[in-house]
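# Descriptive structure summary
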Amino acid sequence: MTFTKQDYILRRSELVGKLKEGAVLLLGNNLSPRNFERNYYPFRQDSHFLYYIGLDTPGLAAIIYQDGRTVLFGEKEDESEIIWSGKGTSVSDLANRCGAEDFKYYDALGKEIALLKRDTMLHYIPPFRGDNLIKMAGLLNIDGKIEENIKIGGSALLARKIVEQRAIKSTKEIAEIEKSVAVSKRMYERAFQVLEPGLRESDIAAEMQKIAIAEDLPQSFLPIVTVHGEILHNNNYKNRLGKEDLLLIDTGVEIPPSYYCSDITRTFSVARKFTERQKHIYKTVLKTQLEVIKTASPEVSNVDLHNLAARIITSGLQEAGLMKGDIDESVAAGAHALFYPHGIGHMLGIDVHDMEDLGDVVGYPDEKRRSGQFGLSFLRLVKKLRPGFVITVEPGIYFIPPLIDKWKSEKLHEDFVNYREVDNYRSFGGIRIEDDVLITDNSSRVLGPPILKHIEELEKI
Ligand code: GLY
Ligand code: MN
């Protein structure tokens, strides 16, 4: 079940219907040079452009008028480009593909905008990429501090309406995410199959990516494959896997042409035999994840899920002698953030952190601001969950030596943290377990086929 041009037409008319007034300008992404002008990074289309237009060709823009009529803008075909890159699809064919009523060449866009602005307002999202900032500034005749001035003119209403629409996933969108998780499952099974002390992290990363590359599927973010799971976004793959190591793998793939993605984390024992300590921490993280998934349902707020996770983690750490004191007081004080310094999860869709280019409007209601408390401040989603939301549930426990040293020297939360025992875990690393979860009409379900995560599965040779 793939998306048809009718799906994109409907999405666009729904968006302008929600706005009630004004037209929408969407800029697609451009090829982005790496070390010289014609050597490019892999191209990735802007996600709003993908959602409303569905075309993953570089250098496009679109205007959606209040009546839903859409004009697609693209570059004229360049003779020399045909030699280097092959014959592309004409702008008129691309317009037809996405159900746009009309097409024009890019050099007509500035004039079209000027005409339009005489009669109505133009909603746009401030770009976050440098090239599109410059393009937007030219199109809108903005000068001076262009980043600031473009932000000032950006449409907060458009951002809110996009979030309203993109946050609720349809059956087709869910099917795409499930396809992506199914590929992830094969990647994790492959990693587990080849896992062996003495290999390097890069050997495991290569085995996993081979599956995605063979199917021409891009990664949804830089893969994390590391024996230093305590470094939350560790993108180095140089270490050798030791017998006693835990290997934390956090990866995902995108499914072109829709680009819906997965974001999955597993932590393996390299020796396929967890030590008693590792087993206890692993079981605590897994219990947390299963309880949070069980509790996730419509009307439950994600901050309550975050705090539920904090309570279970604190209780597990107390059993190990690492924490102490009243659990509710400890969680309210934020003491668990020494071991669990991130949020329980985020929205997922076409982006791994869905729509986060729009800022906190994605995860925070108008009246709420981010907490200033360390740990809670990294929570990206506090809204009440609604049917159709897809979120990640990704609790973790980490032993981060620089953070331990800092808190210990500042005597932070001494009533709740047993620093003497914590010192015995300095080389432990980190454990995180993450799945992608759909909020259903009355509960939730993990998307895609199950991916191994129970200790009994992970100790099988
Ligand atoms: N998978 C990386 C993250 O959620 O930040
Ligand atoms: Mn994630």
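Look a little higher up for the structure.
Residues numbered from 1 in each chain as written. Chains lettered and ligands numbered in written order. Predicted model: local features only at pLDDT ≥ 70, side-chain atom pairs only at ≥ 80, totals over all residues. Heavy atoms only, no water.

Quick look at the sheet that holds strand β1 (residues 23-27) now. What the five strands build is an open sheet, ordered β4-β3-β2-β1-β5; its pairing is mixed. Edge positions in the sheet fall to β4 (102-105) and β5 (122-124), since each has one partner strand and no second. Across the sheet, the mean angle from the axis of one strand to that of its neighbour is 25 degrees, orientation sign disregarded. The pairing of strand β2 (residues 61-64) with strand β3 (residues 70-74) spans four bridges and is classified as antiparallel. (Pairing = 2+ DSSP bridges. Helix = DSSP H or I, 4+ residues; strand = E, 2+ residues; numbered from the N terminus. Axes fitted to C-alpha atoms, helices over the stretch in contact; angles between N-to-C directions.)

On to the coordination of the manganese ion (ligand 2). Donor atoms from the polypeptide that coordinate the manganese ion (ligand 2) comprise D263 (OD), H346 (NE2), E394 (OE) and E434 (OE), at 2.1 to 2.3 Å from the metal. Mapping the donors of the manganese ion (ligand 2) onto the primary sequence yields the spacing D-x82-H-x47-E-x39-E. Taken together, the residues H346 in the loop between α13 (327-333) and β11 (390-393) and E394 in the loop between β11 and β12 (396-398) connect sequence positions 48 residues apart. Judged by its relative accessible area of 9%, E394 is buried. (Donors = N, O, S within 2.8 Å, 3.2 Å for Na, K, Ca; no water. Buried < 20%, exposed > 50% of the residue type's maximum accessible area, 1.4 Å probe, protein only.)

Here the focus is the site of ligand 1. All residues in the neighbourhood of ligand 1 are listed as F221, H233, D250, D263, H346, H353 and E394. A distance of 3.0 Å is found between an oxygen atom of ligand 1 and a side-chain nitrogen or oxygen belonging to H346. Within the complex, the protein chains bury 91% of what would otherwise be the 190 Å² of accessible surface of ligand 1. Of the residues contributing to the shell around ligand 1, the split by class is one nonpolar, three polar and three charged. (Near = heavy atom within 4 Å. Polar contact = N/O pair within 3.5 Å; in protein donor to acceptor, adjacent residues only side chain to side chain. Areas by Shrake-Rupley, 256 points an atom, 1.4 Å probe, with all protein chains shown as cover. Nonpolar A, V, L, I, M, F, W, Y, C, P; charged D, E, K, R; others polar.)

Turning to its location among the elements, N149 is positioned in helix α7 (residues 146-153). As a C-alpha pair, N149 and A137 span 12 residues in sequence and 8.8 Å in three-dimensional space. With sequence-adjacent residues up to four places away left out, N149 is seen in contact with Y124, I142, D143 and G144. (Contact = heavy atoms within 4.5 Å.)

Before going further, it helps to examine the pattern of salt bridges. For the coordinates displayed, the defined rule picks out 31 salt bridges. One salt bridge in this structure joins D7 and K172, with 2.8 Å as the shortest N-O distance. Taken together, the residues D7 in helix α1 (residues 5-19) and K172 in helix α9 (residues 171-194) connect sequence positions 165 residues apart. Given a relative accessible area of 18%, K172 falls into the buried group. Residues D360 and R370 are paired through a salt bridge, measuring 2.8 Å at the closest nitrogen-oxygen approach. Residue D360 is located in the loop between α13 and β11, and its partner R370 is located in the loop between α13 and β11; the two are separated by 10 residues in the primary sequence. Note on D360: relative accessible area 35%, which makes it partly exposed. (Salt bridge = Lys/Arg side-chain N within 4 Å of Asp/Glu carboxyl O.)

Right, let's get into the nonpolar core. Counting residues in each nonpolar core, the largest one holds 128 residues, and the members touching the most others are L72, I204 and F399. Not counting chain neighbours up to four residues away, the residues in contact with I204 comprise A191, V194, L195, L199, V225, L241, L247 and I249. (Core = buried A, V, L, I, M, F, W, Y, C linked by side-chain atoms within 4.5 Å.)

Looking now at the packing of aromatic side chains. Counting across every chain of the model gives 12 aromatic pairs. Where F103 meets Y105, the ring centres are 6.1 Å apart and the plane angle is 80 degrees; that geometry is what we call edge-to-face. Members of the aromatic cluster, connected to one another through ring pairs, are F339, F399, Y425 and F428. It is R69 that lies over the ring of Y65; its NZ or CZ is 4.6 Å from the centre. The ring of Y106 has K135 lying over it, and the distance from NZ or CZ to the ring centre is 4.3 Å. (Phe/Tyr/Trp six-rings, centres within 6.5 Å; stacked < 30°, edge-to-face > 60°. Lys NZ or Arg CZ within 6 Å of the ring centre and 35° of its normal.)

A few words on the environment of G130. Within the secondary structure layout, G130 lies in helix α6 (residues 130-139). Placed 17 residues apart in sequence, G130 and E147 show a C-alpha to C-alpha distance of 8.9 Å.

Now for the pairing of β2. The two faces of the sheet receive side chains in turn, since in a regular strand these alternate between them. A two-sided burial pattern is seen for β2, the buried positions comprising A61 and I63 on one face and A62 and I64 on the other. Bridging between β1 and β2 involves four bridges; their strand directions are antiparallel. Following the sheet pairing, V24 is matched in β2 by I64. The turn linking β2 back onto β3 is made up of five residues, and G68 within it adopts a positive phi angle of 95 degrees.

The quantities given are spatial measurements derived from coordinates; they are silent on function.
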